[in-house]
2 protein chains.
Amino acid sequence: MPVDACRALGLNSGMDKAHALDTVFAALADPTRRAILGMLLEDDMAVTDVAEPFEMSLAAISKHLGILSRAGLITQERRGRVVWCKLEPDALRDASIWMQGFGQFEAVHLDAFERFLQSELPDDT
Amino acid sequence: MPVDACRALGLNSGMDKAHALDTVFAALADPTRRAILGMLLEDDMAVTDVAEPFEMSLAAISKHLGILSRAGLITQERRGRVVWCKLEPDALRDASIWMQGFGQFEAVHLDAFERFLQSELPDDT
DNA sequence: GTGATGTTCAACCGTTCGGTTGAACATGCC
DNA sequence: GGCATGTTCAACCGAACGGTTGAACATCAC
């Protein structure tokens, strides 16, 4: 598997699963970073465009993007001068699964939820 | 609604939803605290018993429990000398819902997913 | 080459975090 | 009362966090 793909899955080399949860949850524990993820849900964006709506220096946003990237929640690809940021939602999967071990409704209705997914999803998952 | 119930739902007074996500995710970003939550999944526990498996001072565990409590993830009730800790999994609900906005399969089928939740959940939400 | 643009680096700053220690506070037992 | 037990408080420590600034680095346009 290519290194980038690993990082996109939160499987940074030398990072065990617990440490991956650490970095993912820590990355999510900041409103600026959650807002960035929400923006990237719409479309890929350049760093400057990500920074635009925030009242904060470009360097600060660059740091936030670094944290999101190290957590595997986004990937960054340089094309010419501009660095494009892309959401990697698969990195949330392990964290989501961990959480679903606790939620009452998820626990109770997990089977129904999986039946729901199977019925609603296209086959390419 | 009683204050304790509000705290159990992560609705601490004066804490808006974004701040609630901050504290919940921050609380989850530590392996000791995640382990504690896992232990409380089995049963309610006294503070001393929570601390027993960790190579760490009791005061440190007490702080961790305070963080989990302020995030609404547990409640603590004093009975005599001992303080009992109880898991409050409902506090994970908002965070879980927020995350499910990002998973690829969930994103595509979010409307259907919400219909699913509405049909499967009890009415007391 | 020159200059403007996009991004990151390096150093710094104040605050928070995760841990320690020792003392304090409550409560139950004799 | 006196003492052991369960828990938290207060002060401290080093490290990490979230932000700033100014300089540096790449790349594109002319």
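This text follows the structure it describes.
Worth saying up front: this structure is predicted, and the values here are computed from it rather than measured. (Residues numbered from 1 in each chain as written. Chains lettered and ligands numbered in written order. Predicted model: local features only at pLDDT ≥ 70, side-chain atom pairs only at ≥ 80, totals over all residues. Heavy atoms only, no water.)

**Q** Report on the environment of A:Cys85, specifying residues and quantitative values.
**A** Residue and element names in this part refer to chain A. Inspection of the secondary structure assignment puts Cys 85 in strand E3 (residues 82-87). The buried category is assigned to Cys 85, whose relative accessible area is 0%. When the C-alpha atoms of Cys 85 and Asp 43 are compared, they prove to be 9.0 Å apart, with 42 residues separating the residues in sequence. If near-sequence neighbours (up to four positions away) are discounted, Cys 85 is found in contact with Leu 40, Asp 44, Met 45, Val 47, Leu 65, Ile 74, Thr 75 and Gln 76. (Helix = DSSP H or I, 4+ residues; strand = E, 2+ residues; numbered from the N terminus. Buried < 20%, exposed > 50% of the residue type's maximum accessible area, 1.4 Å probe, protein only. Contact = heavy atoms within 4.5 Å.)

**Q** Let's hear about the protein's contact with DNA strand D: which residues, and what values?
**A** For DNA strand D, the set of nearby residues contains 22 residues, the closest of which are A:Ser57, A:Lys63, A:His64, B:Thr48 and B:Ser62. Each atom of DNA strand D within 4 Å of the protein was assigned to sugar, phosphate or base; sugar and phosphate come to 64%. At 2.8 Å from a phosphate oxygen of DNA strand D is found a main-chain nitrogen or oxygen belonging to B:Val83. For the surface near DNA strand D, the secondary-structure elements that each account for two or more residues are helix H5 (58-70) of chain A together with helix H4 (47-51), helix H5 (58-70) and strand E3 (82-87) of chain B. At 5 residues, the largest contribution of residues to the surface near DNA strand D is made by H5(A). Classifying every residue of the surface near DNA strand D gives 10 nonpolar, 6 polar and 6 charged. (Near = heavy atom within 4 Å. Polar contact = N/O pair within 3.5 Å; in protein donor to acceptor, adjacent residues only side chain to side chain. Nonpolar A, V, L, I, M, F, W, Y, C, P; charged D, E, K, R; others polar.)

**Q** Give me the lowdown on helix H2 (residues 17-28) of chain A, citing residues and values where you can.
**A** For H2(A), which comprises 12 residues, the first-to-last C-alpha distance of 17 Å matches the rise-based estimate of 16 Å (1.5 Å per residue) to within 8%. Among all positions in H2(A), only A:Ala20, A:Leu21, A:Asp22, A:Val24, A:Phe25, A:Ala27 and A:Leu28 are buried. (Expected span 1.5 Å × (residues − 1).)

**Q** Can you lay out the protein's contact with DNA strand C for me, pointing to particular residues and giving the numbers?
**A** In the vicinity of DNA strand C, 22 residues are found, and the nearest of them are A:Thr48, A:Ser62, B:Ser57, B:Lys63 and B:His64. In DNA strand C, atoms within 4 Å of the protein come 65% from sugar and phosphate. Contacts to DNA strand C include A:Val47, whose backbone N or O atom sits 3.3 Å from a phosphate oxygen. Here A:Arg81 contributes a side-chain N or O atom positioned 3.2 Å from a base oxygen of DNA strand C. Broken down by secondary-structure element, the contributors of at least two residues to the surface near DNA strand C are helix H4 (47-51), H5 and E3 of chain A together with H5 of chain B.

**Q** An account of the side chain of A:Arg34 is requested, with residue identities and associated values reported.
**A** Along the chain, A:Arg34 turns up in helix H3 (residues 31-42). Taking the relative accessible area as the measure of exposure, A:Arg34 reaches 6% and is therefore buried. When neighbours within four sequence positions are excluded, A:Arg34 is seen to be in contact with A:Leu28, A:Ala29, B:Ala18, B:Leu21, B:Asp22, B:Phe25 and B:Trp98.

**Q** Explain the sheet that holds strand E1 (residues 45-46) of chain A to me, and be specific about the residues and the numbers.
**A** Residue and element names in this part refer to chain A. Taking strand neighbours across the sheet as the criterion, the 3 strands line up as E1-E3-E2 in an open arrangement whose pairing is antiparallel. The open sheet terminates on both sides in strands that have one partner only, identified here as E1 and strand E2 (74-79). Packed on one face of the sheet, H3 meets E1, E2 and E3 and runs near 90 degrees to E3. Contacts from H5 reach E2 and E3, with the element oriented near 120 degrees to E2. (Pairing = 2+ DSSP bridges. Axes fitted to C-alpha atoms, helices over the stretch in contact; angles between N-to-C directions.)

**Q** Can you tell me about the packing of aromatic side chains, naming the residues and giving the values?
**A** What the rule picks out here adds up to 5 aromatic pairs over all chains. With a centroid separation of 5.9 Å and 70 degrees between ring planes, the pair formed by B:Phe25 and B:Trp98 is classed as edge-to-face. With B:Phe25 in helix H2 (residues 17-28) and B:Trp98 in helix H6 (residues 92-100), this residue pair connects regions lying 73 residues apart in the sequence. Joined through ring pairs, the aromatic side chains of A:Phe25, A:Trp98, A:Phe102, B:Phe25, B:Trp98 and B:Phe102 make up one cluster. (Phe/Tyr/Trp six-rings, centres within 6.5 Å; stacked < 30°, edge-to-face > 60°.)

**Q** Give me helix H3 (residues 31-42) of chain B: which residues, what numbers.
**A** Between its first and last C-alpha, H3(B) extends 17 Å over 12 residues, near the 16 Å set by a 1.5 Å rise per residue. What H3(B) keeps buried is the set B:Thr32, B:Arg33, B:Arg34, B:Ile36, B:Leu37, B:Met39 and B:Leu40.

**Q** Could you give an account of the pairing of strand E2 (residues 74-79) of chain B, naming the residues involved and the relevant values?
**A** Residue and element names in this part refer to chain B. Here 6 bridges tie E2 to E3, and the two strands are oriented antiparallel to one another. What sits directly across from Thr 75, in E3, is Lys 86. Between E2 and E3, which pair antiparallel in sequence order, lie 2 residues; one of them, Gly 80, sits at a positive phi of approximately 70 degrees.

**Q** Can you lay out the sheet that holds strand E1 (residues 45-46) of chain B for me, pointing to particular residues and giving the numbers?
**A** Residue and element names in this part refer to chain B. Strand order across the open sheet formed by 3 strands is E1-E3-E2, with antiparallel pairing between neighbours. Two strands in the sheet have a free side with no partner beyond their single neighbour: E1 and E2. Packed onto the sheet, H3 meets E1, E2 and E3 and runs at close to 90 degrees relative to E3. Relative to the sheet, H5 contacts E2 and E3, its axis offset from that of E2 by approximately 120 degrees.

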